[in-house]
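Below are the chains, spelled out letter by letter.
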Amino acid sequence: MNPVQHIGSLALPWPLLLAAGAAALGLAVGMVLDRRQAAGFWAMAWRVLLVTLLAARLAFVFEYREAFLQAPLDILDIRDGGWNGQIGVIAGWLYALALMRRQPSVRRPLMAGMGSSTAAWVLSSMALLVHAGNDIRLAAATARTLDGTQIELQSFSGKPTVVNLWATWCPPCRREMPLLQQAQIEHPRVHFVFLNQGEPAEEVRRFLASRQLELSHVLLDPKGRAGANLGGQTGLPTTLFFDARGRLSARYVGELSHETLEQMLASTGARHAPAAAR
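Here the structure is a predicted model, which is why all the values come from computation and not from measurement. (Residues numbered from 1 in each chain as written. Predicted model: local features only at pLDDT ≥ 70, side-chain atom pairs only at ≥ 80, totals over all residues. Heavy atoms only, no water.)

Q: What should I look at first to understand the state of the cysteines in this one?
A: Covalent bonding between the sulfur atoms of two cysteines defines a disulfide. Inspection of every chain in the model, using the stated rule, returns one disulfide. Each disulfide pairs two cysteine sulfurs, and for Cys-170 the partner residue is Cys-173, the sulfurs being separated by 2.4 Å. Every disulfide takes its handedness from the sign of the S-S torsion; for Cys-170 and Cys-173 that torsion is 75 degrees, giving right-handed. (Disulfide = S-S within 2.5 Å.)

Q: Would you explain the sheet that holds strand E9 (residues 248–253) in this entry?
A: Either a parallel or an antiparallel arrangement is found when strands of a sheet pair, and the pairing is made through backbone hydrogen bonds. On the basis of which strands lie adjacent, the open sheet formed by seven strands has the order E4-E3-E7-E6-E5-E8-E9 and mixed pairing. Pairing within the sheet leaves two strands with one partner each, and these edge strands are strand E4 (150–152) and E9. Here the strands of the sheet are splayed against their neighbours by 30 degrees on average, with no regard to which way each runs. (Pairing = 2+ DSSP bridges. Helix = DSSP H or I, 4+ residues; strand = E, 2+ residues; numbered from the N terminus. Axes fitted to C-alpha atoms, helices over the stretch in contact; angles between N-to-C directions.)

Q: Which parts of the structure should I look at to understand the pairing of strand E5 (residues 161–166)?
A: In regular strands, side chains alternate between the two faces of the sheet. Across the six residues that make up E5, a large majority, six, are buried. Here E5 shows two buried faces, one formed by Thr-161, Val-163 and Leu-165 and the other by Val-162, Asn-164 and Trp-166. Examined bridge by bridge, E5 and strand E6 (residues 191–197) share six bridges and lie parallel to one another. The residue of E6 that forms the bridge with Asn-164 is Phe-194. On the question of chirality, the crossover connecting E5 to the parallel E6 by way of helix H6 (residues 171–186) is right-handed. Note that E5 and strand E8 (residues 238–242) share five bridges and pair antiparallel. Bridge pairing links Val-162 to Phe-241 in E8. (Buried < 20%, exposed > 50% of the residue type's maximum accessible area, 1.4 Å probe, protein only. Right-handed = clockwise from strand over helix to strand, strands pointing away.)

Q: What am I meant to see in the confidence of the model for the chain here?
A: Low pLDDT means the predicted coordinates in that region are not meant to be read closely. Overall, the prediction assigns the chain a mean pLDDT of 85, with 87% of residues at 70 or greater. Overall, residues 272–278 carries pLDDT values under 50, and its contacts beyond four positions in sequence, including any with other chains, amount to 21 contacts. (pLDDT = per-residue confidence, 0-100. Contact = heavy atoms within 4.5 Å.)

Q: Is there a simple way to think about the nonpolar core in this case?
A: If you look at the biggest cluster of nonpolar residues, it comprises 27 residues, and the most contacted ones within it are Trp-166, Phe-192, Phe-194, Leu-208, Phe-241 and Leu-261. When residues of this core are traced back to their parent elements, those giving at least two are E5, H6, E6, helix H7 (201–210), strand E7 (217–221), E9 and helix H9 (258–266). By residue number, the principal contributor to this core is H6, which donates five residues. Filtering out sequence-adjacent residues up to four positions away, Leu-208 remains in contact with Trp-166, Leu-213, Leu-215 and Val-218. Within the second largest apolar cluster, 16 residues are counted, among which are Ile-136, Ala-143, Leu-219 and Ala-226. (Core = buried A, V, L, I, M, F, W, Y, C linked by side-chain atoms within 4.5 Å.)

Q: Could you clarify how one ought to interpret the packing of H6 against H9 in this entry?
A: Relative placement of two packed helices is described by the angle separating their axes and the distance separating the axes. As a packed pair, H6 and H9 sit with axes 11 Å apart at the nearest point and diverge in direction by 50 degrees. Relative to H9, H6 is oriented oblique. Judged by the sense of rotation from one axis to the other, the crossing of H6 with H9 is right-handed. Across the interface between the two elements, Leu-179, Leu-180, Ala-183 and Glu-186 of H6 pack against His-258, Leu-261 and Glu-262 of H9. (Parallel < 35°, antiparallel > 145°, perpendicular 65-115°, else oblique. Left-handed = near helix turned anticlockwise from the far one by under 90°.)

Q: Before we go on, may I ask you to explain the packing of helix H2 (residues 41–63) against helix H4 (residues 85–102) in this structure?
A: With their axes 7 Å apart at the nearest point, H2 and H4 run at an angle of 145 degrees to one another. In this structure, the crossing between H2 and H4 has a hand that is right-handed. Residues Met-44, Arg-47, Val-48, Val-51, Thr-52, Ala-55, Ala-56 and Ala-59 of H2 form the contact with H4, whose own contacting residues are Ile-87, Gly-88, Val-89, Ala-91, Gly-92, Tyr-95, Ala-96, Leu-99 and Arg-102. Across the contact of H2 with H4, the residue classes break down as 12 nonpolar, three polar and two charged. (Nonpolar A, V, L, I, M, F, W, Y, C, P; charged D, E, K, R; others polar.)

Structure, rendered in structure tokens:
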């Protein structure tokens, strides 16, 4: 299953779309019941939603607090997709229950809205996991080194492996390169593979030299076949995270932040080295 839904030039991740759909369902169900009781559901529902989102974000920030302490303003940059949905839902329910005790007239629509929203989110998340394509393996792809030697990506099995699909013309790809270069130092137990999409070796060499980038494994995928075999043809940059057995454990479309990278690396089972200063 494609992990993102393309709408024009936008690439929206399915977890975000499913969460938004679940919230919309809960609001709709509650409003139907609220029209019958005139209990003021709308205002309370938005407060519950705000508490849910805030708690989900703060839980993520707390989990990766060491990284955020190095760049506190990153807390406000929610484009990294850093949320803890479980904590957010729990906080939302606790706040909703408190509102129900203070205003019993809102109990029925708020309970129905929260129940339908939570059920939709849980079921859709489970369905997404089932169809996430975790049968994708490194063994399915081959690439070339900058000197033209063919290499099997399965040769990186045995350690957690991060495969970054990128191109020199892609602005977010260029922006995240220093972060990934630093990650090589911070995580010596992880292979980082930079799989260029469709560009000649000379152009890639010029780019690396101009940015003074020292990357461990820079490979070429001239026709994009390796990226397609790995399930990464969803837009650039796309970063794929494989466990030590070479199985896909996570996938991220778009520019990585330091904190999101740490979250994705955790899914591979990598033992993190102490974070270095950025």
